[in-house]
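Observations on the three-dimensional arrangement
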Amino acid sequence: ECPFCRRPCGSAETSDCLPLLQLLEVLETAGGSIPASLSRGVPGASLGLRLSLGGWGSLVNPTGVAACPKTGRLAVAHDGKKRIHIFGPSGTCLQRFGERGDAGNDIKYALDVTVTWDGHVVVTDGGDRAVKAFDFDGRGVLAAREGFRLPWGLDATPEGEVILTDSEAGALYRLTADFTNREFKKCQMIRSQLINPRGVAVSPVSGAIVVIEHLKAQGPNGGSTRVKIFSAEMDLIGQMDSFGLNLVFPSKIYTTAVAFDKEGCIIVTDVCSQAVICLGKPEEFPIFNSLISHGLSYPVGLTYMVNNFLVVLDSGDHSIKIYSS
């Protein structure tokens with residue numbers, strides 16, 4: 001029974017109740033940490049914490065983070081009264097918007113956020129199963145309800161499109177719109193038969209797309225994730241689940257978020273070891289570079305700022321942590 005909404009449900013029916021879903025994942029993925037020897041002398045393992053923002057009261061159970069490709073401003077989705085917070089590159093909170101409510105531009109339950117290349121904040125709302133776009137002043141410019149069952153993760157492409165996952169439909173969509181003129185153009189399914197896809201990232205270098213699937217299995221510790229990589233033409237390049245990654249690496253990896261760095265390498269968060277890991281470029285996948293191996297509680301979001309600082313959203317202590325080399 002969910003301690004928040006009091007709805008009785010089985011583990012396969014909790015995808016629209018994020019607190020209960022996260023509780024199940026915490027119970028299923030109790031694991032160790034990355035051995036210290038892996039982070040010694042590894043290229044890219046010297047990232048240091050530069051700035052920490054938020055904290056309980058400022059952010060409440062944050063679920064998504066994204067950076068503006070031009071200005072470096074950060075958009076964070078969370079469960080507060082105003083669902084979206086905008087932070088400047090220096091950490092100052094510039095704007096709060098996205099009221100919790102039932103009006104057309106209100107946000108019931110924000111699951112993820114991205115920022116388009118023309119400066120619009122796009123949010124997936126699990127409460128009314130919609131994708132909603134705002135400008136940086138918080139004015140609603142567009143809401144798409146194209147029969148989504150549970151739109152979840154999303155990322156913007158350099159061409160101004162938005163790639164998004166539908167967790168319950170098991171599908172990947174490409175959404176095209178003119179946000180400046182508030183004109184919705186089309187929403188095209190580009191991949192189906194995925195299993196609970198959530199996190200998604202698009203490479204600005206190659207156009208490759210990485211999707212994180214959340215797999216369910218019977219018995220304790222049965223849940224796992226799968227990293228699935230597609231080319232820009234949506235051909236499957238490679239995939240590996242937690243079990244397969246565990247054969248290569250010494251600890252079970254349960255991924256919750258994914259991003260690409262400026263070199264086109266795949267970066268993921270791992271809640272088992274509370275770490276951030278580089279899995280290499282799509283053609284190299286999988287390699288193993290531990291970027292951050294301590295100081296995180298429950299990392300659920302990743303993005304890169306224009307200055308190549310790595311931003312990690314830590315739901316465990318309701319904060320944004322910014323790292324640099």
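Residues numbered from 1 in each chain as written. Predicted model: local features only at pLDDT ≥ 70, side-chain atom pairs only at ≥ 80, totals over all residues. Heavy atoms only, no water.

All right, on to empty space enclosed by the protein then. Under the criterion given, the structure shown has one cavity of 30 Å³ or more. Each pocket or cavity is described by its volume, and for the largest cavity that value is around 40 Å³. Forming the boundary of the largest cavity are Val122, Val131, Lys132, Ala133, Leu142, Ala143, Ala144, Leu175 and Phe179. Of all the secondary structure elements, the ones that give two or more residues to the lining of the largest cavity are strand S8 (130-134) and strand S9 (140-144). Split by residue class, the lining of the largest cavity holds eight nonpolar, no polar and one charged. (1 Å grid on protein atoms, 1.4 Å probe; cavity = no way out; pocket = protein on both sides within 12 Å on 5 of 7 lines; lining within 4 Å. Points joined across faces, edges and corners; volume = space filled by probe spheres on them. Helix = DSSP H or I, 4+ residues; strand = E, 2+ residues; numbered from the N terminus. Nonpolar A, V, L, I, M, F, W, Y, C, P; charged D, E, K, R; others polar.)

Topologically, threonine 116 is positioned in the loop between strand S6 (110-115) and strand S7 (121-125). In terms of polar contacts, threonine 116 uses its side chain to reach the side chain of aspartate 118, at 2.4 Å. Dropping the residues within four chain positions of it, threonine 116 is found in contact with Pro69, Val122, Ala156, Val162 and Phe179. (Polar contact = N/O pair within 3.5 Å; in protein donor to acceptor, adjacent residues only side chain to side chain. Contact = heavy atoms within 4.5 Å.)

With that settled, consider the environment of phenylalanine 243. Along the chain, phenylalanine 243 turns up in helix H2 (residues 242-248). Considered as a pair, phenylalanine 243 and isoleucine 253 are 10 residues apart in the sequence and their alpha carbons are 8.2 Å apart.

Before going further, it helps to spend a moment on unusual backbone geometry. Looking along the chain, the bond that leaves phenylalanine 285 and enters proline 286 is cis, with omega of -5 degrees. With respect to the element layout, proline 286 can be found in the loop between strand S20 (275-280) and strand S21 (289-292). Despite not being glycine, glutamine 193 shows a phi value in the positive range, around 60 degrees. For glutamine 193, the location among the structural elements is in the loop between strand S13 (183-191) and strand S14 (197-202). With relative accessibility at 75%, the residue glutamine 193 sits in the exposed group. The phi angle at glutamine 274 is positive, at roughly 55 degrees, despite the residue not being glycine. Among the secondary structure elements, glutamine 274 is positioned in the loop between strand S19 (266-270) and S20. (Buried < 20%, exposed > 50% of the residue type's maximum accessible area, 1.4 Å probe, protein only.)

Any link to function would need more than the numbers given here.
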